[in-house]
Amino acid sequence: MSPSLFNFVDVKDKFTVAARHALTGKTCKHLVAAFNQIPGNETEKKTTLDQALRGVLGDQIVEQKASCDDYLSLIYLSIDAVTEGICSATTPFVLLGDVLDCLPLDLCDKIFSFVEENVSTWKSNSFYTAGKNYLLRMCNDLLRRLSKSQNTVFCGRIQLFLARLFPLSEKSGLNLQSQFNLENVTVFNKNELESTLGQKSTNEKEEGMEEGEMGEEEAPAQSSIPIDYNLYRKFWTLQDYFRNPVQCYDKFLWMTFLKFSDETLAVFKSYKLDDMQASKRKLDELRGSDGEHVYFAKFLTSEKLMDLQLSDSNFRRHILLQYLILFQYLKGQVKFKSSSCVLNDDQTAWIEETTKLVYQLLKEIPPDGEKFAGMVEHILDTEENWNNWKNEGCPSFVKERTVDDKPKRPSRKRQAPEDFLGKGPDRKIFMGNDELTRLWNLNSDNMEACKSDSREFMPSLDEFFAEAIEQADPVNMVEEEYKVVRNPNYGWRALRLLSRRSPHFFQPTNQKFKSLADYLDSMVSKLAKELPKDIPSEEIKTGEEDDDDNGDNLLKDNNDSPSIQSKLVTNQQMDDVAAKLGAQWKSLASHLEMKAAELREIETDSEDVEMQAKLLLVAWQDREGTQATVESLVTALNAAGFSHITDSLSEA
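Residues numbered from 1 in each chain as written. Predicted model: local features only at pLDDT ≥ 70, side-chain atom pairs only at ≥ 80, totals over all residues. Heavy atoms only, no water.

- As annotated in an unreviewed UniProt entry, the protein chain carries the name Death domain-containing protein and is attributed to Oryzias javanicus.

1. Details of the overall build of the protein chain
Stage number 1. Broken down by element type, the protein chain carries 32 helices and 0 strands.
Stage number 2. Out of the 652 residues in the protein chain, the part that is buried amounts to 37%.
Stage number 3. Considering only intrachain contacts with a sequence separation of at least 6, the fraction spanning at least 24 residues in the protein chain is 72%.
Stage number 4. Just so you have it, the protein chain exposes about 41,600 Å², and 50% of that area is on carbon and sulfur atoms. (Helix = DSSP H or I, 4+ residues; strand = E, 2+ residues; numbered from the N terminus. Buried < 20%, exposed > 50% of the residue type's maximum accessible area, 1.4 Å probe, protein only. Contact = heavy atoms within 4.5 Å. Areas by Shrake-Rupley, 256 points an atom, 1.4 Å probe, with all protein chains shown as cover.)

2. Some words on a nonpolar patch on the surface
Stage number 1. A contiguous nonpolar surface patch, about 490 Å² in accessible area, is contributed by Met431, Leu436, Leu439, Trp440 and Leu442.
Stage number 2. Here Trp440 lies in helix 19 (residues 434-440). (Patch = residues over 30% accessible without salt bridge, like charges linked within 9 Å, V, L, I, M, F, W, Y side chains within 5 Å. Salt bridge = Lys/Arg side-chain N within 4 Å of Asp/Glu carboxyl O.)

3. A few points about helix 17 (residues 369-391)
An α-helical segment advances 3.6 residues per turn. Residues three or four places apart therefore align on the same side.
Stage number 1. With 23 residues, helix 17 should cover 33 Å at 1.5 Å per step; its first-to-last C-alpha distance of 33 Å lies within 8% of that length.
Stage number 2. Every buried residue belonging to helix 17 is among Gly369, Phe372, Ala373, Val376, Leu380, Asn387, Trp389 and Lys390, and all of these are buried.
Stage number 3. Of the surrounding secondary structure, the elements contacted by the buried residues of helix 17 are helix 15 (313-331) and helix 16 (345-364).
Stage number 4. A positive backbone phi angle near 90 degrees is found at Gly393, which sits one or two residues after helix 17. (Expected span 1.5 Å × (residues − 1).)

4. Some remarks on the pattern of salt bridges
Stage number 1. Tallied over the entire structure, the rule returns 16 salt bridges.
Stage number 2. With a shortest N-O distance of 2.9 Å, Asp59 and Arg20 are connected by a salt bridge. Taken together, the residues span a long stretch of sequence, with Asp59 in helix 3 (residues 42-63) and Arg20 in helix 1 (residues 8-25) at a distance of 39 residues.
Stage number 3. Two residues, Arg486 and Glu480, come together in a salt bridge whose shortest N-O distance is 2.7 Å.
Stage number 4. Exposure remark for Glu480: the relative accessible area of 39% places this residue in the partly exposed category.
Stage number 5. Sharing partners across several salt bridges, the network here consists of Glu480, Lys483, Arg486 and Asp521.

5. Observations regarding the nonpolar core
Stage number 1. Counting residues in each nonpolar core, the largest one holds 55 residues, and the members touching the most others are Leu31, Val115, Trp122 and Phe161.
Stage number 2. Of the residues forming this core, the biggest block, 9 residues, is contributed by helix 4 (residues 68-84).
Stage number 3. What Phe161 contacts, discounting residues up to four positions off in sequence, is Phe112, Val115, Glu116, Val119, Trp122, Leu135 and Cys139.
Stage number 4. Ranked by size, the runner-up nonpolar core spans 47 residues in total, among them Leu238, Leu324, Phe327 and Ile365. (Core = buried A, V, L, I, M, F, W, Y, C linked by side-chain atoms within 4.5 Å.)

6. A short note on the packing of helix 15 against helix 17
Stage number 1. It is the contact of helix 15 with helix 17, at a shortest axis distance of 11 Å, that shows an interaxial angle of 30 degrees. Comparing the axis directions of helix 15 and helix 17 gives the class roughly parallel. In terms of crossing hand, the pair formed by helix 15 and helix 17 is right-handed. In this structure, helix 15 contributes Arg317, Leu321, Leu324, Ile325 and Gln328 to the contact, and helix 17 contributes Gly369, Phe372, Val376, Leu380, Glu383 and Glu384.
Stage number 2. Residues that form the contact of helix 15 with helix 17 fall into these classes: 6 nonpolar, 2 polar and 3 charged. (Axes fitted to C-alpha atoms, helices over the stretch in contact; angles between N-to-C directions. Parallel < 35°, antiparallel > 145°, perpendicular 65-115°, else oblique. Left-handed = near helix turned anticlockwise from the far one by under 90°. Nonpolar A, V, L, I, M, F, W, Y, C, P; charged D, E, K, R; others polar.)

7. Re the environment of Leu592
Stage number 1. With respect to the secondary-structure elements, Leu592 resides in the loop between helix 28 (585-589) and helix 29 (596-605).
Stage number 2. C-alpha separation for the pair Leu592 and Ala636, spaced 44 residues apart in sequence, amounts to 6.4 Å.
Stage number 3. Residues within four places of Leu592 in sequence aside, it is in contact with Leu616, Leu617, Trp620, Arg623 and Ala636.

8. Let's talk about the packing of aromatic side chains
Stage number 1. Using the criterion set out here, one finds 29 aromatic pairs in the structure.
Stage number 2. Considering the side-chain rings of Trp236 and Phe315, the 6.1 Å spacing of their centres and the 70 degrees angle between planes classify their relative orientation as edge-to-face. One end of the pair, Trp236, is in helix 11 (residues 229-243); the other, Phe315, is in helix 15, with 79 residues separating them in the sequence.
Stage number 3. A residue is classified by how much of its surface remains accessible, and Phe315, at 2% relative accessible area, is buried.
Stage number 4. Ring pairs connect the aromatic residues Tyr241, Phe242, Trp254, Phe257, Tyr323, Phe327 and Trp350, which therefore count as one cluster.
Stage number 5. Over the aromatic face of Phe35 sits the side chain of Lys45, whose NZ or CZ is 4.4 Å from the ring centroid. (Phe/Tyr/Trp six-rings, centres within 6.5 Å; stacked < 30°, edge-to-face > 60°. Lys NZ or Arg CZ within 6 Å of the ring centre and 35° of its normal.)

9. A word on the side chain of Ser261
Stage number 1. With respect to the helices and strands, the residue Ser261 is situated in helix 12 (residues 251-270).
Stage number 2. Side-chain polar atoms of Ser261 contact the side chain of Tyr323, separated by 3.1 Å. (Polar contact = N/O pair within 3.5 Å; in protein donor to acceptor, adjacent residues only side chain to side chain.)

10. What about unusual backbone geometry?
Stage number 1. With omega at -5 degrees, the peptide bond leading from Pro366 into Pro367 counts as cis.
Stage number 2. For Pro367, the position within the fold is in the loop between helix 16 and helix 17.
Stage number 3. The residue Asp368 is not glycine, and still its phi comes out positive at about 55 degrees.
Stage number 4. For Asp368, the position within the fold is in the loop between helix 16 and helix 17.
Stage number 5. Look at Asp368 and you get exposed, because its relative accessible area is 55%.
Stage number 6. Although it is not a glycine, Cys394 adopts a positive phi angle of roughly 55 degrees.

11. Focus on the environment of Arg501
Stage number 1. Take Arg501: it is sitting in helix 23 (residues 488-501).
Stage number 2. Using a relative accessible area of 3% as the deciding quantity, one classes Arg501 as buried.
Stage number 3. Between the alpha carbons of Arg501 and Leu461 there is a distance of 7.1 Å; along the sequence they are 40 residues apart.

12. Overview of the packing of helix 11 against helix 12
Stage number 1. It is the contact of helix 11 with helix 12, at a shortest axis distance of 9 Å, that shows an interaxial angle of 125 degrees. Classified by the angle between their axes, helix 11 and helix 12 sit oblique to one another. The crossing of helix 11 and helix 12 is left-handed. In this structure, helix 11 contributes Leu231, Arg233, Lys234, Phe235, Thr237, Leu238, Tyr241 and Phe242 to the contact, and helix 12 contributes Leu253, Thr256, Phe257, Lys259, Phe260, Ser261, Glu263, Thr264, Val267 and Phe268.
Stage number 2. Looking at the contact of helix 11 with helix 12 residue by residue, the class counts come to 10 nonpolar, 4 polar and 4 charged.

13. Considerations on the state of the cysteines
Stage number 1. In total, this model carries 0 disulfides according to the counting rule given.
Stage number 2. Looking at Cys28, it has no disulfide partner, and the nearest cysteine sulfur is the one in Cys87, 7.9 Å off.
Stage number 3. For Cys28, a relative accessible area of 10% corresponds to the buried category. (Disulfide = S-S within 2.5 Å.)

Here it is in structure tokens:
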């Protein structure tokens, strides 16, 4: 048997009856029960319930018997239905839009109060995504119906609600391109012939005033500001520049703005409110009102009000604040500002000077001028940060923590140095080791001790290796384990000194050493033969800047010794022989009794044939030691058929 079809009309009627019962009992249980009893698809039932709730609201509006509370009860019911999951999340917003479209503005004010109070509900996950566009459209429809001049407060409440509803990063609510409200045109009398400013004093004299009509204290005194049509026209013309600041970048329009501003600010500067007809009672009223019920949604430009406006502290503050906002735009870096909108040096200097004048005038306006000027400066500084944020593309303020950024366990606080330093006898500092403690406490100021001249020294080779050379002599019969070359500290210092003083340290060799002590034994044997015996060690320089000279002196001394020159092959001689051998070095290898493994190692170390020949001679010298004499090398060269090389070697 096939399932029965979903009957939209019958289900809607059932939901309508359940909704009316729910409104009477002020509970959502009747709707939930009816929703669960009716068979059918969940989506179909939700859509039907949405239409039923909207139908109930339509009946209430048509009957015109329901009050705002009845409308709000139905909207509350729809919110509960969304929470229970039996109707669409957009239903409360659709009902709100229907109510606001059908009610007059005075009742819309009460309904909107409900919208403001439930902003946290609209921002919840269940409603925000589905309803943000409905709320935005509803607010825009209300703003189109309202008058900015007559319903100023209501318009402001709508703007504040949108600011609370949408996050700062919501670009749809931002004026990214810094556009101006060019429709805000200030209308004033531009025909001098129709002006009544010149006839004011004459008419007052003709008409006169009956004596005793007003009290002496309440009678308005004559204005001390000389107001004529020119001042009136120039003053209100400035509003066009405040409306569209881009005009200031035009050369001719800037000259007009400059001239009119100087005259207007001169009036503010010359005729201060303390010098006006404002009585003490009026100032007390201004201080007591704290700005309440003072709205300037639209300027009144009647000529008859000009003297009263210039004598009003709130009016003056509005005008001066307009100057500061204009100057901030002209000087600021706006991303979408045209490249031609650039101030020259004269304009920048005038703006800087005029800004100081405007702040000074704000401070002089009673009451609390200093406080008001400081507050305005703070707000404009904040506005500068806002502009910078928009120029950067409105990056998000929320920084999400990465998955790896887990909270770390609190580490144990280390002991502060002042807790353990200088606590021993004689303020001795303990370093945890006797030797370290002794070294650390040799001097009270360790940095000064490190800079001491006595620490700047480098021993000579014969001084440092004298003990090692003496122990290497078989006559002294020093056992291997007691030799200084077996001391790791001595070995480390010996390597540093050899790298600075001895040419043998950088000579290539194929001889392999099992340990540092074996290498030092080899170097000691070489130094024992080469170091001069007759030159006192004091004559050998020890400064670091003369390291190269010391090496040259050692080589020179070695060459000057006839015994060494006649027996041992020098480094220069090996270089000359290697250059002449070239690729034929293998012919000499057999006569030097070199093994095949050593030859393969030489070929692996370098591909240059001249370097291979040099490595052959070095390996032979390392192996023979004291037997690596010129005579032995000459004998091998002659046997290999290189007699022409031996001739040059003998001459050298």
